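Letter by letter, the chains look like this.
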There are 2 protein chains.
Amino acid sequence: MASLAEENYLKLIYHLSGSGAEEVSTNALAEQTQTRAASVTDMLRKLADKNLVHYKKYQGVRLTQDGQEVALQVIRRHRLWEVFMVEKLGFRWDEVHPIAEELEHIASEELINRLDAFLGFPVSDPHGDPIPTAAGAMPSAEYEKLCEVTAGQQVTMMGVLEHAASFLQFLSKAGLIPGSVVSVLEINDFDRSMILKINESAPSFVSYEVARNILIKFSV
Amino acid sequence: MASLAEENYLKLIYHLSGSGAEEVSTNALAEQTQTRAASVTDMLRKLADKNLVHYKKYQGVRLTQDGQEVALQVIRRHRLWEVFMVEKLGFRWDEVHPIAEELEHIASEELINRLDAFLGFPVSDPHGDPIPTAAGAMPSAEYEKLCEVTAGQQVTMMGVLEHAASFLQFLSKAGLIPGSVVSVLEINDFDRSMILKINESAPSFVSYEVARNILIKFSV
DNA sequence: ATAAAAATTTAGGCGAGCCTAAATTTTTAT
DNA sequence: ATAAAAATTTAGGCTCGCCTAAATTTTTAT
């Protein structure tokens, strides 16, 4: 069994490695965990001893098969609890992340699979992030970023890359939530900011920084 | 904030003291926590420093007002999650205790109050135990034990004093769950065992040991 | 190519929560 | 009343996950 701290490291390594593709540096982990690099080194040695990561001194770290399975389990729990809180308890999407950070460590598989069924086997969380299956597979939806869309096109909002509460609250106010239909009316050449029409409401302005963090798919 | 271990001690002291009435001994705590008396002493000093218990060396321990509030919060969370698992996720009442032992430490008050509302503000958990209110009051239902009922009387099953899964499974099989209507047909003088009619089904036999762990109220 | 800078690891320490062994206090039995 | 037994506490240690300071390796800049 992985401890709470170990689960958090594995989840973080998964995210920072681009779903397990690249090596992750000690410093990157230290920054995200709010700890010191020396503490990260300690933990990486422990995870390597348990065969949860591939680790060579000074060379960064990658998840093993076992490590990736644990990470995906934790991510699955996190996202299912987020769906529960938003869909069943009436939380807003910008409120649920910190609470899900705690709930994600409740280990019972029976609990999480029953929760999954109770929620109707959702495929993505309130932020549009895909929910790993009980079998441990991450459904990889390949979306574009809003900043890559050209003027005149119509797209559907599918999710976000940034999860800060302030960002999510901004999107809510603009009506930019997963499922929203968005037309790009204008793009400002100078700063790449956009003017959007969102679900038939009055045009909204979004900066490049915002557009870069929104995932979309092109309407069929 | 109380740590996970601290919350468990406070909850246990509450239960072992008969809802805070009497002093609890170091050994009693050691037995229940599956730790050594010396470890309990360590923790009691820490809880006393935080003003969560009244503690005098060699004299046992009692909850302070603060300590009791924490204990009731933890018990509230535990029992609400049990209701959730049984009512919404379809767990049996003998399965939920160990999972609730983990869920009870998720701190968010917002979460637990929304869960309470989602469940329709239940007043007792699947075992008939009362659920402390958000304000921290324990609704004290005063029930009799089934072993105190005399032959010929009709009562309603209200809850249990023993929470072991094997005991709960036995009761389920007999149809003896909170709400069941029970008539005491016969009592054996020798061993105080009983023959019961439960909800119009065929008569069942229960030992004194079982009857002693079942709470009932007299039918009006 | 090499020196300075940056990243990482090693060494030694700390608090939380547990342990064993030994000392102390309280309770029980005579 | 007092000695034996039981309960409890103290002393010293351990692991986990973190820390700082110093040493080492890798990267970057010239």
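Residues numbered from 1 in each chain as written. Chains lettered and ligands numbered in written order. Predicted model: local features only at pLDDT ≥ 70, side-chain atom pairs only at ≥ 80, totals over all residues. Heavy atoms only, no water.

1. A few points about the overall build of chain A
Consideration 1: In terms of regular secondary structure, chain A is built from 8 helices and 8 strands.
Consideration 2: Its C-alpha atoms give chain A principal-axis dimensions of roughly 55 × 40 × 30 Å.
Consideration 3: Split into buried and exposed, the 220 residues of chain A put 42% on the buried side.
Consideration 4: Nonlocal contacts in chain A, meaning residues at least 24 apart in sequence, comprise 61% of its contacts between residues at least 6 apart.
Consideration 5: On chain A, roughly 11,300 Å² of surface is accessible, and the fraction owed to carbon and sulfur atoms is 51%.
Consideration 6: Seen as two clouds, the 20 positive and the 30 negative side-chain charges of chain A have centres 4 Å apart. (Helix = DSSP H or I, 4+ residues; strand = E, 2+ residues; numbered from the N terminus. Buried < 20%, exposed > 50% of the residue type's maximum accessible area, 1.4 Å probe, protein only. Contact = heavy atoms within 4.5 Å. Areas by Shrake-Rupley, 256 points an atom, 1.4 Å probe, with all protein chains shown as cover. Lys, Arg positive; Asp, Glu negative; His and termini not counted. Charge placed at Lys NZ, Arg CZ, Asp CG, Glu CD.)

2. Focus on helix α3 (residues 37–49) of chain B
Because each turn of an α-helix spans 3.6 residues, side chains separated by three or four positions in sequence point in the same direction.
All names here are of chain B.
Consideration 1: Given a rise of 1.5 Å per residue, 13 residues ought to cover 18 Å, and the 19 Å separating the end C-alpha atoms of α3 matches this to within 8%.
Consideration 2: Every buried residue of α3 is listed here: V40, M43, L44 and L47. Projection of α3 onto a plane perpendicular to its axis shows the buried side chains occupying an angular sector of 105°, all on one side. Residues of α3 that are exposed and point more than 90 degrees away from the buried face comprise A38, D42, R45 and D49.
Consideration 3: Buried-residue contacts for α3 involve α1 (4–16), α2 (26–33), β1 (53–55) and β2 (61–63).
Consideration 4: Taken from the residues just after α3, N51 is the one with a positive phi, measuring 60°. (Expected span 1.5 Å × (residues − 1). Arc of directions from axis to C-beta.)

3. Things to note about the relation of the copies chain A and chain B
Consideration 1: Mapping chain A onto chain B leaves a residual RMSD of 0.0 Å; the transformation is a rotation of 180° accompanied by 0.0 Å of translation along its axis. Each copy turns onto its partner about a two-fold axis. When C-alpha positions in chain A are compared against the rotation axis, the closest is assigned to L103(A), at 3.8 Å.
Consideration 2: Both copies contact each other with a shared surface, as 95% of the interface residues of chain A are interface residues in chain B too. (Least-squares fit on C-alpha atoms with pLDDT ≥ 70 in both.)

4. Describing the protein's contact with DNA strand C
Consideration 1: What surrounds DNA strand C is a group of 22 residues, the closest being T41(A), Y55(A), S3(B), S39(B) and K46(B).
Consideration 2: Among all atoms of DNA strand C positioned within 4 Å of the protein, those belonging to sugar or phosphate total 78%.
Consideration 3: One nitrogen or oxygen atom from the side chain of Y55(A) is found 2.2 Å from a phosphate oxygen belonging to DNA strand C.
Consideration 4: Between DNA strand C and R36(B) there is a distance of 2.8 Å, counted from a phosphate oxygen to a backbone nitrogen or oxygen.
Consideration 5: Where the surface near DNA strand C is concerned, the elements lending two or more residues are α2 (26–33) and α3 (37–49) of chain A together with α1 and α3 of chain B.
Consideration 6: Counting residues per element, the surface near DNA strand C draws most heavily on α3(B), at 5 residues.
Consideration 7: Classifying every residue of the surface near DNA strand C by side-chain character gives 9 nonpolar, 9 polar and 4 charged. (Near = heavy atom within 4 Å. Polar contact = N/O pair within 3.5 Å; in protein donor to acceptor, adjacent residues only side chain to side chain. Nonpolar A, V, L, I, M, F, W, Y, C, P; charged D, E, K, R; others polar.)

5. Brief notes about the packing of α1(B) against helix α4 (residues 65–87) of chain B
Residues and elements named next belong to chain B.
Consideration 1: Following both chains from N to C, one finds α1 and α4 inclined at 95°, their axes separated by 8 Å at the closest point. The orientation of α1 relative to α4 falls into the category roughly perpendicular. Here E7, L10, K11, Y14 and H15 of α1 lie close against α4, whose contacting residues are G67, Q68, V70, A71, L72, V74, I75, R77 and R79.
Consideration 2: Here the contact of α1 with α4 is built from residues that sort into 7 nonpolar, 3 polar and 4 charged. (Axes fitted to C-alpha atoms, helices over the stretch in contact; angles between N-to-C directions. Parallel < 35°, antiparallel > 145°, perpendicular 65-115°, else oblique.)

6. Observations concerning the protein's contact with DNA strand D
Consideration 1: What surrounds DNA strand D is a group of 21 residues, the closest being S3(A), S39(A), K46(A), N27(B) and Y55(B).
Consideration 2: When atoms of DNA strand D within 4 Å of the protein are split into backbone and base, the sugar-phosphate part holds 79%.
Consideration 3: Taking S3(A), its side chain carries an N or O atom lying 2.6 Å from a phosphate oxygen of DNA strand D.
Consideration 4: At 2.9 Å from a base nitrogen of DNA strand D is found a side-chain nitrogen or oxygen belonging to D42(A).
Consideration 5: Within the residue set of the surface near DNA strand D, elements represented by two or more residues are α1 (4–16) and α3 of chain A together with α2 and α3 of chain B.
Consideration 6: Here the surface near DNA strand D takes 4 residues from α3(A), the largest share from any one element.
Consideration 7: Of the residues that constitute the surface near DNA strand D, the class distribution is 8 nonpolar, 9 polar and 4 charged.

7. Considerations on the pattern of salt bridges
Residues and elements named next belong to chain B.
Consideration 1: Tallied over the entire structure, the rule returns 22 salt bridges over all chains.
Consideration 2: Across the pair K11 and E101 runs a salt bridge whose closest N-O atoms are separated by 3.0 Å. Here K11, found in helix α1, pairs with E101, found in helix α5 (residues 97–103); they are 90 residues apart in sequence, far enough to count as distant.
Consideration 3: Overall, K11 belongs to the buried group, its relative accessible area being 9%.
Consideration 4: A relative accessible area of 26% places E101 in the partly exposed class.
Consideration 5: Residues R79 and D125 are paired through a salt bridge, measuring 3.8 Å at the closest nitrogen-oxygen approach. In this pair, R79 is assigned in helix α4 and D125 in the loop between α6 (109–118) and β3 (144–145), connecting sequence segments 46 residues apart. (Salt bridge = Lys/Arg side-chain N within 4 Å of Asp/Glu carboxyl O.)

8. Comments concerning the interface of chain A and chain B
Consideration 1: Facing the 20 residues of chain A at the interface are 19 residues of chain B.
Consideration 2: Looking only at chain A, the three residues that lose the most surface to chain B are L89(A), I106(A) and R114(A), adding up to 30% of its buried area.
Consideration 3: Counting the contacts that link chain A with chain B gives 0 salt bridges.
Consideration 4: One can count 4 residue pairs in polar contact (both at pLDDT 80 or more) joining chain A with chain B.
Consideration 5: If you tally residues by element for the side of chain A that touches chain B, the top one is helix α6 (residues 109–118) of chain A, at 5 residues.
Consideration 6: Residues that form the side of chain A that touches chain B fall into these classes: 12 nonpolar, 3 polar and 5 charged. (Buried area = accessible area lost by both parts, 1.4 Å probe.)

That's the geometry; what it means functionally is another story.
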